[in-house]
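Structural description and commentary
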Protein chains: 2
Amino acid sequence: MRISELSAETGVPVATIKYYLREKLLPEGERTSATQAVYGPAHVERLRLIRALVDSGVGIAASRQVIAALDDPPANPNHLLGMAHAAVSPPALDDLDLSAAEALISRWGWNPDACGPQQLAGVARALDTLDRAGFTVPEATMDAYLAGIRRMVDAEIDAIPTTSTDAAVRYVVLGTVLVEPLLLALRRVAEEFVSGDRYGDAVS
Amino acid sequence: MRISELSAETGVPVATIKYYLREKLLPEGERTSATQAVYGPAHVERLRLIRALVDSGVGIAASRQVIAALDDPPANPNHLLGMAHAAVSPPALDDLDLSAAEALISRWGWNPDACGPQQLAGVARALDTLDRAGFTVPEATMDAYLAGIRRMVDAEIDAIPTTSTDAAVRYVVLGTVLVEPLLLALRRVAEEFVSGDRYGDAVS
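Residues numbered from 1 in each chain as written. Chains lettered and ligands numbered in written order. Predicted model: local features only at pLDDT ≥ 70, side-chain atom pairs only at ≥ 80, totals over all residues. Heavy atoms only, no water.

**Re the overall build of chain A**
Helix and strand counts for chain A stand at 10 helices and 2 strands. Helices and strands appear in chain A in the N-to-C order α-α-β-β-α-α-α-α-α-α-α-α. Computed over its C-alpha atoms, the radius of gyration of chain A comes to 21 Å, more than 25% above the 17 Å expected for a compact globule of 204 residues. Along the first, second and third principal axes, the C-alpha atoms of chain A reach 70 × 50 × 35 Å. The buried share among the 204 residues of chain A stands at 49%. Taking the intrachain contacts of chain A between residues at least 6 apart in sequence as the baseline, contacts between residues at least 24 apart amount to 57%. On chain A, roughly 9,300 Å² of surface is accessible, and the fraction owed to carbon and sulfur atoms is 52%. Each charge class in chain A was averaged separately, 18 positive and 27 negative side chains, and the resulting centres sit 8 Å apart. (Helix = DSSP H or I, 4+ residues; strand = E, 2+ residues; numbered from the N terminus. Rg over C-alpha atoms; globule rule 2.2 N^0.38 Å. Buried < 20%, exposed > 50% of the residue type's maximum accessible area, 1.4 Å probe, protein only. Contact = heavy atoms within 4.5 Å. Areas by Shrake-Rupley, 256 points an atom, 1.4 Å probe, with all protein chains shown as cover. Lys, Arg positive; Asp, Glu negative; His and termini not counted. Charge placed at Lys NZ, Arg CZ, Asp CG, Glu CD.)

**Observations regarding the packing of aromatic side chains**
The relation between two aromatic rings is expressed through the spacing of the ring centres and the mutual angle of the planes. Tallying each qualifying case throughout the model produces 8 aromatic pairs over all chains. Ring centres 5.0 Å apart and planes at 5° place the aromatic pair Phe193 of chain A and Trp110 of chain B in the stacked group. On the criterion of chain membership, the pair formed by Phe193 of chain A in helix α10 (residues 179-199) and Trp110 of chain B in the loop between α6 (99-106) and α7 (117-132) is interchain, its members lying in two chains. Both rings, one in Tyr19 of chain B and one in Tyr20 of chain B, keep their centres 6.0 Å apart while their planes meet at 50°; by these two values the pair is tilted. Look at Tyr19 of chain B and you get partly exposed, because its relative accessible area is 31%. (Phe/Tyr/Trp six-rings, centres within 6.5 Å; stacked < 30°, edge-to-face > 60°.)

**Observations regarding the nonpolar core**
Core analysis: the largest hydrophobic core is formed by 133 residues, its most contacted members being Val123, Ile149 and Leu182 of chain A together with Val123, Ile149 and Leu182 of chain B. Look past the residues within four positions of Leu182 of chain A in its chain and what remains in contact with it is Leu104, Val123, Ala126, Leu127, Leu130 and Met142 of chain B. (Core = buried A, V, L, I, M, F, W, Y, C linked by side-chain atoms within 4.5 Å.)

**Topic: the interface of chain A and chain B**
Between chain A and chain B, the contact holds 89 residues from the first and 89 residues from the second. Surface buried jointly by chain A and chain B totals about 8,100 Å² across both partners, of which 66% is contributed by carbon and sulfur atoms. The salt bridge partner of Arg198 of chain A is Asp158 of chain B, with a shortest N-O separation of 2.2 Å. Of all the elements in the fold, those that place two or more residues in the side of chain A that touches chain B are α3 (41-55), α5 (77-88), α6 (99-106), α7 (117-132), α8 (139-158), α9 (165-177) and α10 of chain A. Looking at the side of chain A that touches chain B, the element that brings in the most residues is α10 of chain A, giving 21 residues. Of the residues belonging to the side of chain A that touches chain B, the class tally is 51 nonpolar, 21 polar and 17 charged. (Buried area = accessible area lost by both parts, 1.4 Å probe. Salt bridge = Lys/Arg side-chain N within 4 Å of Asp/Glu carboxyl O. Nonpolar A, V, L, I, M, F, W, Y, C, P; charged D, E, K, R; others polar.)

**Overview of the relation of the copies chain A and chain B**
With an RMSD of 0.1 Å, the operation that places chain A on chain B is a rotation of 180° combined with a shift of 0.0 Å along the axis. On the angle and the small slide along the axis, the relation comes out as a two-fold axis. Taking C-alpha positions as the reference, the residue of chain A nearest the rotation axis is Gly148 of chain A, at 1.9 Å. Here 100% of the interface residues in chain A have copies in chain B that are interface residues too; the copies meet face to matching face. (Least-squares fit on C-alpha atoms with pLDDT ≥ 70 in both.)

**As for the pattern of salt bridges**
Evaluation of the coordinates by the stated rule reveals 22 salt bridges over all chains. With its nearest N and O atoms 3.1 Å apart, the salt bridge here joins Glu191 of chain A to Arg187 of chain A. Of this pair, Glu191 of chain A and Arg187 of chain A both sit in helix α10, 4 residues apart, which is roughly one turn of that helix. Here Glu191 of chain A matches Arg187 of chain A in class, with each residue buried. Each of Arg150, Asp154 and Asp158 of chain A together with Arg198 of chain B takes part in one network of salt bridges that share partners.

**Observations concerning the packing of α10 of chain A against helix α8 (residues 139-158) of chain B**
Interhelical geometry of α10 of chain A versus α8 of chain B gives an angle of 45° and a closest axis separation of 9 Å. By the angle class used here, α10 of chain A and α8 of chain B are oblique. Here the hand of the crossing between α10 of chain A and α8 of chain B comes out right-handed. Each of Val179, Leu182, Leu183, Leu186, Arg187, Ala190, Glu191, Val194, Ser195, Arg198 and Tyr199 of chain A in α10 of chain A lies in contact with α8 of chain B, whose residues at this interface are Met142, Tyr145, Leu146, Ile149, Arg150, Val153, Asp154, Glu156, Ile157 and Asp158 of chain B. (Axes fitted to C-alpha atoms, helices over the stretch in contact; angles between N-to-C directions. Parallel < 35°, antiparallel > 145°, perpendicular 65-115°, else oblique. Left-handed = near helix turned anticlockwise from the far one by under 90°.)

**Examining the environment of Glu28 of chain B**
All names here are of chain B. Its location among the elements puts Glu28 in the loop between α2 (14-22) and β1 (30-31). Distance from Glu28 to Leu96, taken between C-alpha atoms, is 42 Å for residues 68 residues apart in sequence. Not counting chain neighbours up to four residues away, the residues in contact with Glu28 comprise Leu21, Tyr39 and His43.

**Describing the packing of α10 of chain A against helix α10 (residues 179-199) of chain B**
Contact geometry for α10 of chain A and α10 of chain B: axes closest at 11 Å, N-to-C directions at 130°. Judged on the interaxial angle alone, α10 of chain B and α10 of chain A are oblique. Relative to α10 of chain B, the crossing made by α10 of chain A is right-handed. When α10 of chain A is examined against α10 of chain B, the residues Val179, Glu180, Leu183, Leu184, Arg187 and Arg188 of chain A are found in contact with a partner set consisting of Val179, Glu180, Leu183, Leu184, Arg187 and Arg188 of chain B. Looking at the contact of α10 of chain A with α10 of chain B residue by residue, the classes come out as 6 nonpolar, no polar and 6 charged.

**Considerations on helix α2 (residues 14-22) of chain A**
Residue and element names in this part refer to chain A. Buried within α2 are the following residues: Ile17, Tyr20 and Leu21. One side of α2 holds all its buried residues, which, seen down the axis, span an arc of 105°. For α2, the exposed residues lying more than 90 degrees away from the buried face are Ala15 and Arg22. At the exit of α2 stands Lys24, carrying a positive phi of roughly 65°. (Arc of directions from axis to C-beta.)

Following this line, the structure appears as structure tokens:
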């Protein structure tokens, strides 16, 4: 199909498709003349993935890394996961105090030294933000966070597809990034219902 | 203290403090002359809260709503929670298909009609993003998400402080917004460790 048809098929404007082509997020079509190229189903699928990443707030640079992983994936799901995480996580900063994050991870029984530096920094940054706001997560709540997350993640890792590397990469990349808004949205819904059950509607 | 001292105490530049004053995020200091005002501990605390909100990606308009809630809080924690959620959640859009979100919430045993429209829309939007990316969360994983989130939220709502309305507002607002990055960061850490435990380091 031509670029105009690719645009109609995916709902992505032609100018945006050209931008993704220039940015090497989308592979070139097959040239049929000096000014025309044709595109196939793989371009449709790739465009949907790019839109999903961009709509989820993943920047162009991180999207390019994720897509490079799809084009040249490592064979081990654990390496896939580390790579996907590295692509979509901000860099670790040198001046972060990691001790609180390390202590928290240790409560899971894992050795925090074995944690990817960006992920450890992510926890440290989140704890630092809470700390600067003067907000302390109560111990019992933190225990519930650790237990609840462990339960979710066990199921996620169980479900990494082993049928093909392509399927595994897609699952890990999209499962990491795109599921985050769902988890946050479900948490807010659950907060409203549990709060409603607990406190009812009476204004004291 | 003067504005320069308030800046030194909080690490927030004077120009930024003046911006927050203009934006009504920070209340005026007590005027001592036509050009000078003095600030107290409440300003320090408020500035730390503003920075925490802004650092968490809450915009100025939403921060203003959250802060208005701190200045004039409703008495019922359930109403506080709904208000905090409304302030920090994007508006519900009319053209979203809510059926998949409603079906998901029903699996918790709650009536989706009783859900705040913005929160229901948040779930619908997240499911729509996954759908457009062609990503299906496996049933067993979704069950684990619902169970894990329920466990976390039960503990959160248990811990809403009842000592003062101010404390309750602070807890609900900060607990909703500022805890989100922590949960996402902890999830990524857990994914790396569970994946490492499951697949080890061998490249196949």
